[in-house]
Structures are given as structure tokens and as C-alpha cells.
Amino acid sequence: MSPSRSSAPGAAFLLGEHAVVYDEPALLFAVDRRATATVEASSEDDLPDSPYVREAIDRAREHADEDTPLAVEVSSSIPVGAGLGSSAAVSVATLHAAARELGETMGSERVADEAHEVERAVQGAASPADTYTSAVGGFTLVGNGKRRVDAPPTEFVVGYDGGSASTGEMVEGVARLVEDNPVAADIVGSIGDLSRRGVERAETGDFDSLGDLMDMNHGLLDALGVSSSSLSRMVWAARDAGGNAKLTGAGGAGCVVAYPAKDGVREAVASEAEETFAVSPAEGVRPE
Ligand code: PMV
């Protein structure tokens, strides 16, 4: 028997991170950098030292009602802890591959739900945004419910400062601010308003005016204390070149997403980034 291998994409927020933790909507897309899980029945368990992988394997076993020992290997080209949903992609790919190896198929919606439970078990509060987007692919709207968004394909630029931050700590920082200051709660609501408008612009392919909302969203995230000098430098480099940009994910350090991926915007972001790459909406979890 050959092993079962599945891959799943990372995810970037075009609008709405942090606010989505408060059930406001967020607009995301799956980025074509992937995590790959290879799972093979074995004489004894041989699992990587990752709580996400271990929790995902437990859930796949429960789903398949089968506790065969498994050897698991995971590889990923998604920067870790940098706002591109690396742990979600690992959880999604592992669940999908393990279920297959145990003789069960797990559809992408079910994988999304199980992977969200994995993230909650490992990191506490987590929205379903990254896990859902990684499982189903394309553009998504996640908030009080979740769905795919039918938008034309396009290209964005990701700039990575080489750093990482703890999602849990960033989410806690925002929670403290929201508790202490009603203006912060209003900002969270305003971010939700940007996503509500943004989804219409994505659906009509009006990415230029979606970009204006991304700029506003970055300003509001900065006000919530989750930007950093290196993230803002990449954002301003994109803006000075005539583009639009914002941080993506938890913030603190990591990645920004910019638009458009042409007219010097990519080069401008690269001048302030450790690594820069163009990304377009990717397929969700799939067998390899
Ligand atoms: O940086 P990431 O990929 O872990 O994304 C975090 C996004 C938050 O909205 C801040 C938290 C969440 O669970 O959605």
C-alpha cells in the first residue's frame, strides 16, 4: 500500500482579522503556498512533535472509528506564525490524509469543521477563518456563518518581514483593549463594516476599490495595536508605489498583503521585506 498524501493552502485576510473573533465578517483567500501531510499505516505511531498534527490524527481516528498506528510526515512552504494560516493548513492537510489512510473520505466542509476544533483545542480562542479557507479554497467570507465567495481570480503580493508573533497573545491584546475602551469595540465593528462592503467589491471584480478598504483596514488594525514598524514599512512602500496594502493575520510581525501585483508594487514591497511573492487564490485541500 502506498501512503496517503494531501496538501492544503495557507490563507490571507483581505479584510477582517481580529474582528472575526467577535463574529464580525472577514474576507479571505487561499494562498498558493501549501502544507503537505503524508500518512502511512505502520507497526507503531511515528508522529511529528506538533500538537496540531497529534490532535488532527486523534480526530481522524475518531471520524474513521479506527486506531491503526500511523507514521506521519508534514512539510510546508508557508511561513510559520506569520499571518498566513500555517497551522490551519497543517491541520487541514493532516486530517484529510489521515482520514483517507484510515479508509474514510472527509469532505472539505467536514475537514474545515474538524480543523477548527483542532485549532481550538491547541490554541484556545480561534475563529474558523483560516481553517475554512484552507479547506475549501478560493475566496471566502467567514463570520457569523461561512461561505465561498465567487470572485474572479487575481494576483496579490505578499511581503514577509521574516518575523513571527503569537496569535494567542495578539488576540489577548485586542481583547484587553476592547474591554478597557469602548472606542476599540467601535473599531472592531467598523472593520466588520469594511468586510461587508468589501465582499461586494470582490464579487464584481472591483479589486481597485477593494484595495482602498484594505488601506483603511490597516489603519484600524494599527489603532488596535497589532501592527509593527516592519509591517507598516512594507505597507507604506506599497502605498508609495501607488498600491494598497495591509497586514494579514494576527499581526505583530509576519506578512502584509498588497494589491496590485504589478506596476512596481511588488518591487516596492520587496525593498522593505525579507521575502516577497505573488499569490493568487488557490485550490483547497486535495489529494496529492
Ligand atoms: O495569524 P494567523 O494566521 O494565526 O491569523 C489570526 C487571525 C485572527 O483573526 C487574529 C485570529 C482568528 O482566530 O481568526
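Everything that follows concerns the structure shown earlier in this document.
Report on the accompanying structure. Bear in mind that the values here come from a model prediction, so they are computed numbers and not experimental data.

**Side note on the sheet that holds strand β9 (residues 275-279)**
Phase 1 of the analysis: If you walk across this open sheet you meet the four strands as β7-β8-β6-β9, and the pairing is antiparallel. Sheet topology places β7 (244-247) and β9 at the edges, where each strand pairs with a single neighbour. In this sheet, neighbouring strand axes are inclined to one another by 20° on average, regardless of whether the strands run parallel or antiparallel.
Phase 2 of the analysis: Bridge count for strand β6 (residues 156-160) against strand β8 (residues 255-259) is four bridges, and the pairing is antiparallel. Bridge assignment links Gly159 to a residue of β8, and that residue is Val256.
Phase 3 of the analysis: Most of the contacts of helix α7 (residues 207-223) go to β7, to which it runs at about 40°, and overall it touches β6, β7 and β8.
Phase 4 of the analysis: The strands that helix α8 (residues 229-240) touches are β6, β7 and β8; relative to β7, the one it contacts most, it runs at about 170°.

**Details of the pairing of strand β1 (residues 4-15)**
Phase 1 of the analysis: Within β1, 11 of the 12 residues are buried, which leaves it mostly tucked inside the rest of the structure.
Phase 2 of the analysis: The sheet contact formed by β1 and strand β2 (residues 26-41) spans 11 bridges and is antiparallel. Bridging from a neighbouring strand, Ala11 pairs with Ala30 of β2.
Phase 3 of the analysis: Where β1 and strand β10 (residues 286-287) come together, two bridges link them in antiparallel fashion.

**As for the pattern of salt bridges**
Phase 1 of the analysis: Using the criterion set out here, one finds 15 salt bridges in the structure.
Phase 2 of the analysis: Arg33 is the salt-bridge partner of Glu275, the closest N and O atoms lying 3.2 Å from each other. One end of the pair, Glu275, is in strand β9; the other, Arg33, is in strand β2, and 242 residues separate them in sequence.
Phase 3 of the analysis: According to the relative accessible area criterion, Glu275 is partly exposed, its value standing at 30%.
Phase 4 of the analysis: Of the charged contacts in the structure, one is a salt bridge between Glu114 and Arg110, with a shortest N-O distance of 2.9 Å. Of the two residues, Glu114 and Arg110 both sit in helix α3 (residues 108-123), four residues apart, roughly one turn of that helix.
Phase 5 of the analysis: In the salt-bridge network here, residues are joined through shared partners; they are Glu55, Arg59, Arg110 and Glu114.

The rules behind the values
- Positions within a chain are numbered from 1, following the residues in the order the chain's sequence is written.
- Local features in this predicted model are restricted to residues whose pLDDT is 70 or higher, and side-chain atom pairs enter the listing and the counts only when it is 80 or higher, whereas totals over whole chains, interfaces and linings include all residues.
- The basis for every side-chain value is the complete set of non-hydrogen atoms in the structure, without hydrogens or water.
- Note on pairing: two strands pair once DSSP finds at least 2 bridges between them.
- Per the convention used, a helix needs a DSSP run of H or I reaching at least four residues, while a strand needs a run of E reaching at least two, with both numbered from the N terminus.
- To obtain an axis, a line is fitted to C-alpha atoms, over the contacting stretch when the element is a helix, and the angle between two such axes runs from 0 to 180 degrees between their N-to-C directions.
- Note on contacts: a residue pair is in contact if any heavy atoms of the two residues lie within 4.5 Å.
- Burial classes follow relative accessibility: with a 1.4 Å probe on protein chains only, a residue under 20% of its type's maximum area counts as buried, one over 50% as exposed, and anything between as partly exposed.
- We define a salt bridge as a side-chain nitrogen of Lys or Arg found within 4 Å of a carboxyl oxygen belonging to Asp or Glu.

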